[in-house]
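Letter by letter, the chains look like this.
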Amino acid sequence: MSVSIDLVNVYDRGKTVPMYHVRGVSRETWHTHEPIENSYYVSQDDYSTPLFRSYESAMKALLKIDW
């Protein structure tokens, strides 16, 4: 399984904001680990998975997943 953390720009509440998206982890996997600390779901994104404001937050969330 290939997992990467990518910096993406998302449109939320009238402005574009940079956030980190974890690719390679399914929506179902994330849902079994909710609530996910420091994660966000924005109203207009194409990801359907949590987004993170920092790379460190994304890494911490990945470490909590049982592979």
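Residues numbered from 1 in each chain as written. Predicted model: local features only at pLDDT ≥ 70, side-chain atom pairs only at ≥ 80, totals over all residues. Heavy atoms only, no water.

**Student:** Looking at this model, I keep getting lost on helix 2 (residues 55–63). Mind explaining?
**Tutor:** Structural remark: α-helix, 3.6 residues per turn; residues separated by three or four positions point the same way. Residues Ser 57, Ala 58, Ala 61 and Leu 62 constitute the buried set of helix 2. Buried residues of helix 2, seen end-on, are gathered within an arc of 140 degrees and therefore sit on one face of the element. Exposed and oriented more than 90 degrees from the buried face of helix 2 are Glu 56, Lys 60 and Leu 63. Where helix 2 is buried, its residues contact strand 1 (4–12), strand 2 (15–23), helix 1 (27–32) and strand 4 (51–52). (Buried < 20%, exposed > 50% of the residue type's maximum accessible area, 1.4 Å probe, protein only. Helix = DSSP H or I, 4+ residues; strand = E, 2+ residues; numbered from the N terminus. Arc of directions from axis to C-beta. Contact = heavy atoms within 4.5 Å.)

**Student:** Help me out: how do you make sense of the side chain of Thr 49 in this one?
**Tutor:** With respect to the secondary-structure elements, Thr 49 resides in the loop between strand 3 (39–40) and strand 4. On the basis of relative accessibility, which here comes to 5%, the residue Thr 49 falls in the buried class. Side-chain polar atoms of Thr 49 contact the side chain of His 21, separated by 3.1 Å. Setting aside its immediate chain neighbours within four residues, Thr 49 contacts His 21, Val 25, Arg 27, Trp 30, Tyr 40 and Tyr 41. (Polar contact = N/O pair within 3.5 Å; in protein donor to acceptor, adjacent residues only side chain to side chain.)

**Student:** Would you take a moment to explain the pairing of strand 2 for this structure?
**Tutor:** Within a regular beta strand, the side chains point alternately toward one face of the sheet and then the other, so they alternate between its two faces. In this structure, strand 1 lies alongside strand 2, joined through nine bridges in antiparallel fashion. Residue Ser 4 lies in a different strand from strand 2, and its bridge partner there is Arg 23. Taking the residues between adjacent antiparallel strands as the criterion, strand 1 and strand 2 are bridged by two residues, where Arg 13 takes a positive phi near 55 degrees. Pairing of strand 2 with strand 4, which is carried by two bridges, proceeds in the antiparallel orientation. Across the sheet, His 21 pairs through a bridge with Leu 51, a residue of strand 4. (Pairing = 2+ DSSP bridges.)

**Student:** I keep staring at the sheet that holds strand 4 and nothing clicks. Help me out?
**Tutor:** Two modes of strand pairing occur in sheets, parallel and antiparallel, and in both the strands are linked by backbone hydrogen bonds. The four strands lie next to each other as 1-2-4-3, forming an open sheet whose pairing is antiparallel. Of all strands in the sheet, those bounded by a partner on one side alone are strand 1 and strand 3. Sheet topology note: the strand 3/strand 4 ladder contains two bridges and is antiparallel. Across the sheet, the residue bridging to Ser 39 is Phe 52, located in strand 4. Against the sheet, helix 2 touches strand 1, strand 2 and strand 4, its axis set at about 120 degrees to strand 1. (Axes fitted to C-alpha atoms, helices over the stretch in contact; angles between N-to-C directions.)

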